[in-house]
Amino acid sequence: MDFPFPEPPPPGRWTEVAPGLLWARLALPFRLDHVNVYALEDSSGWVILDTGIADEASRAAWDALLPALGPVGAVLVTHHHPDHIGLAGWLCERLSVPLWTSRTAFLSATALAHAPGLLEAEEYGRLYAAHGMPPALADRVRTLGHAYLRRLTLPPRTYRRLSAGMRLRLGGRDWSVLSADGHAPEQILLHAPADGLLIAADQVIERISPNVSASAFEPEGDPVGEFRAGLAMLGREVGEGALVLPGHRRPFRGLHERIAELDRHHEARCDLIRAACAERPRTAAELLPVVFPRPLDPHKTGFAVGEVIAHANHLVARGLLRWEESGGLRRLAA
Ligand SMILES: [Zn+2]
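The structure displayed is predicted, hence computed values, not measured ones.

Caption draft 1: Representation of the nonpolar core within the structure. Ranked by internal contacts, the top residues of the largest apolar core, which has 46 residues, are Y128, L198, V204, L234, I273 and L332. Secondary structure elements with two or more residues in this core: α5 (122-130), α6 (135-143), β9 (173-180), β11 (197-201), α7 (223-237), α8 (255-279), α9 (284-291) and α10 (298-317). In this structure, V204 is in contact with L231, L234, V244, P246, F252, L255, R258, I259 and L262, ignoring residues within four places of it in sequence. Residues V37, W46, C92 and F106 belong to the second largest nonpolar core, which totals 31 residues.

Caption draft 2: Quick peek at the sheet that holds β9. On the basis of which strands lie adjacent, the open sheet formed by five strands has the order β8-β9-β10-β11-β12 and mixed pairing. The open sheet has two edge strands with one neighbour each: β8 (167-170) and β12 (243-246). Each strand axis lies, on average, 25 degrees off the axis of its neighbour in the sheet, ignoring direction. Pairing analysis gives four bridges linking β8 to β9, with the strands arranged antiparallel. Its bridge partner lying in β9, R167 is registered against S176.

Caption draft 3: Structural detail: the pairing of strand β14 (residues 329-333). Pairing between strand β13 (residues 322-326) and β14: five bridges, direction antiparallel. In the strand pairing of β14, W323 is matched with L332.

Caption draft 4: Molecular detail of the coordination of the zinc ion. Within the protein, the zinc ion binds to D83 (OD), H84 (NE2), D202 (OD) and H248 (NE2); these donor distances fall in the range 2.0 to 2.5 Å. Along the chain, the residues donating to the zinc ion fall in the pattern D-H-x117-D-x45-H. Residue D202 is located in the loop between β11 and α7, and its partner H248 is located in the loop between β12 and α8; the two are separated by 46 residues in the primary sequence.

Caption draft 5: Spotlight on the sheet that holds strand β3 (residues 34-40). Here we have seven strands laid out as an open sheet, ordered β1-β2-β3-β4-β5-β6-β7, and mixed in their pairing. The outermost strands of the open sheet, each flanked by one partner alone, are β1 (15-18) and β7 (160-161). Taken together, the four bridges between strand β4 (residues 46-49) and strand β5 (residues 72-76) define a ladder with parallel strand orientation. Pairing of V47 across the sheet is with A74, part of β5. Its contacts with the sheet put helix α3 (residues 88-95) on β4, β5 and β6 (99-101), and the angle it makes with β5 is roughly 165 degrees.

Caption draft 6: Just the environment of P135, in detail. Mapped onto the elements of the fold, P135 is located in helix α6. Residue classification places P135 among the exposed residues on the basis of a relative accessible area of 65%.

Cut-offs applied
Residues numbered from 1 in each chain as written. Predicted model: local features only at pLDDT ≥ 70, side-chain atom pairs only at ≥ 80, totals over all residues. Heavy atoms only, no water. Core = buried A, V, L, I, M, F, W, Y, C linked by side-chain atoms within 4.5 Å. Buried < 20%, exposed > 50% of the residue type's maximum accessible area, 1.4 Å probe, protein only. Helix = DSSP H or I, 4+ residues; strand = E, 2+ residues; numbered from the N terminus. Contact = heavy atoms within 4.5 Å. Pairing = 2+ DSSP bridges. Axes fitted to C-alpha atoms, helices over the stretch in contact; angles between N-to-C directions. Donors = N, O, S within 2.8 Å, 3.2 Å for Na, K, Ca; no water.

Purely spatial values, then, with no claim about function.
So this is what it looks like as structure tokens:
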């Protein structure tokens, strides 16, 4: 992989990564300590792409970043996670501009902003209990582990829907709208084939494998299968030479290599789980140290157990393992 912009933009400053396409970074109060945002110049105003989490540091960063742009025409959000959509409501109101995003991101963010208690809902307790997590840990994970998802401002009540297959003419470039599931449902990506540019959101990132978790609200879902389908779609749609502009870390070239690495990573996780379940049936809680050998805090345990259940569901969906239920517990069996 090749990194044409090895140094991230300094705080509060834009870096031009292509004519009329700017990159900046906002801080995040997590181990992954930043999110990338972009701005696309257009004759009808700049389009801001992703917004940072709803906190004072990100608002202050926008105070520094906005004066460097001309008039803004829209705020485009790739997916409903708070590091991307967190300040969309605040920015749209402050700038009097519309929100552009997928229908799923709009509805998810609206639901979470109105009902933050959803994240601590009993459904998570039941999911974790069924997968063998001790009750005290399950309580900590569903409260502390999900707190970050509440860090968003109420989105505007109306939006412009973006969906796969649409074309956008922005800044003299033709962009195709792509969407991929698995990390977040209906995550929006933008591809400008003639210019070799891919705004990739969190679908492909250097070094980090984007979190792919089962949701308590869709406990049988196969987000790993959806994520891998998204990788395959990118491999078909986007050429190897494209400059990839991701939601975190650095822009890079080498998309196809990264797609292959991410796909292998998920297959390797599946292999670990299959090997452990070949000895005897196991709950997701028992598989947690198999997949994540190091100790985890509640925030990371939430991600980790969601990942284990997601890979378990993927193996079941492929017919490679099956669920056994007894005594209120689900065990994954060969
Ligand atoms: Zn993200």
